[in-house]
Amino acid sequence: MESIRRYHRSLGWHDIGYHYVIYPDGSVHAGRPVEEVGAHCPGHNAQSIGIAYVGGLDADGHPADTRTEAQSLALLQLVHDLMEEHPITSIHGHNEFANRACPCFDVPQWLKEEGL
């Protein structure tokens, strides 16, 4: 978390841009408080909760779905918890709004597979 926070601050942000970060072991780490506007998807920050996972690059540094089973389970649980706590109307990957590879998996397909 601290390396992400330092990087985001080097961009001039006041804190880490994500609200949550999921480590490969499945642990979920709180970043910016959900009550604060994030800095994770320009044009959508004010009405969204930013979740990132550690990974997303293969051994050669190319975008790839590197989620561990623990990360996948943690993501599913976090999304369920957030849907119960907040009036979430839709779930999207950053790549649906910007020319980016992240999150390196097809979020609409994942939602369908998970029944969300």
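Structure: above.
Residues numbered from 1 in each chain as written. Predicted model: local features only at pLDDT ≥ 70, side-chain atom pairs only at ≥ 80, totals over all residues. Heavy atoms only, no water.

**Remarks on the pattern of salt bridges**
Under the convention used in this document: Any Lys or Arg side-chain nitrogen found within 4 Å of a carboxyl oxygen on Asp or Glu counts as a salt bridge. The helix count covers DSSP runs of H or I at least four residues long, the strand count covers runs of E at least two residues long, and both are numbered beginning at the N terminus. Relative accessibility under 20% of the residue-type maximum defines a buried residue, over 50% an exposed one, and the middle range a partly exposed one, all with a 1.4 Å probe and only protein chains included.
According to the stated counting rule, one finds 3 salt bridges in the structure shown. With a shortest N-O distance of 2.8 Å, E2 and R5 are connected by a salt bridge. Placement of both E2 and R5 in helix α1 (residues 2-10) is noted, with a separation of 3 residues, approximately one turn of the helix. Taking the relative accessible area as the measure of exposure, E2 reaches 44% and is therefore partly exposed. With relative accessibility at 14%, the residue R5 sits in the buried group. R67 serves as the salt-bridge partner of D65, at 2.8 Å between the closest nitrogen and oxygen. Connected through shared salt-bridge partners, E2, R5 and D15 make up one network.

**Some remarks on unusual backbone geometry**
Between C102 and the following residue, P103, the backbone shows a cis peptide bond with an omega angle of 15°. Within the secondary structure, P103 is located in the loop between α2 (69-85) and α3 (107-114). Even without being a glycine, C104 presents a positive backbone phi close to 65°.

**Notes on the packing of aromatic side chains**
Under the convention used in this document: When the centres of two rings from Phe, Tyr and Trp lie within 6.5 Å, Trp using its six-membered ring, the rings pair. Their planes under 30 degrees apart give stacked, over 60 give edge-to-face, and anything left gives tilted.
Taken as a whole and assessed by the stated rule, the structure comprises 2 aromatic pairs. With a centroid separation of 6.2 Å and 50° between ring planes, the pair formed by Y53 and F105 is classed as tilted. Placement of Y53 in strand β3 (residues 51-53) and of F105 in the loop between α2 and α3 is noted, with a sequence separation of 52 residues between them. Neither Y53 nor F105 differs from the other in exposure class; each is buried. The buried category is assigned to F105, whose relative accessible area is 10%. Three or more aromatic residues joined by ring pairs form one cluster here, namely Y53, F105 and W110.

**Focus on the environment of R32**
Applied cut-off: Whether two residues are in contact is decided by their heavy atoms: any pair within 4.5 Å suffices. Each polar contact in these results corresponds to two N or O atoms within 3.5 Å; when the atoms are within protein, one needs to be able to donate a hydrogen and the other to accept it, and residues that are neighboring in sequence are counted only if both atoms are side-chain atoms.
Relative to the helices and strands, R32 is located in the loop between β2 (28-30) and β3. Put simply, R32 and P63 are 31 residues apart on the chain and 25 Å apart in space, counted from C-alpha to C-alpha. In this view, R32 contacts W13, H14, D15, I16, G17, Y18, H19, V37, G38 and A39; residues no more than four positions away in its chain are not counted. Only 2.6 Å separates the side chain of R32 from the backbone oxygen of V37, close enough to count as a polar contact.

**Comments concerning α2**
Inclusion rule: For a helix, the expected span equals 1.5 Å multiplied by the residue count minus one.
If you check α2, its first and last C-alpha atoms are 24 Å apart, about what 17 residues at 1.5 Å a residue would give, namely 24 Å. What α2 keeps buried is the set Q71, A74, L75, L76, L78, V79 and L82. On its buried side, α2 packs onto β1 (20-22), β2, β3 and α3.

**Examining the side chain of R67**
With respect to the element layout, R67 can be found in the loop between β3 and α2. A distance of 2.8 Å separates a polar atom in the side chain of R67 from a polar atom in the side chain of D65. Those residues in contact with R67 that sit more than four places away from it in its chain are Y53, S72, L75, F105 and W110.

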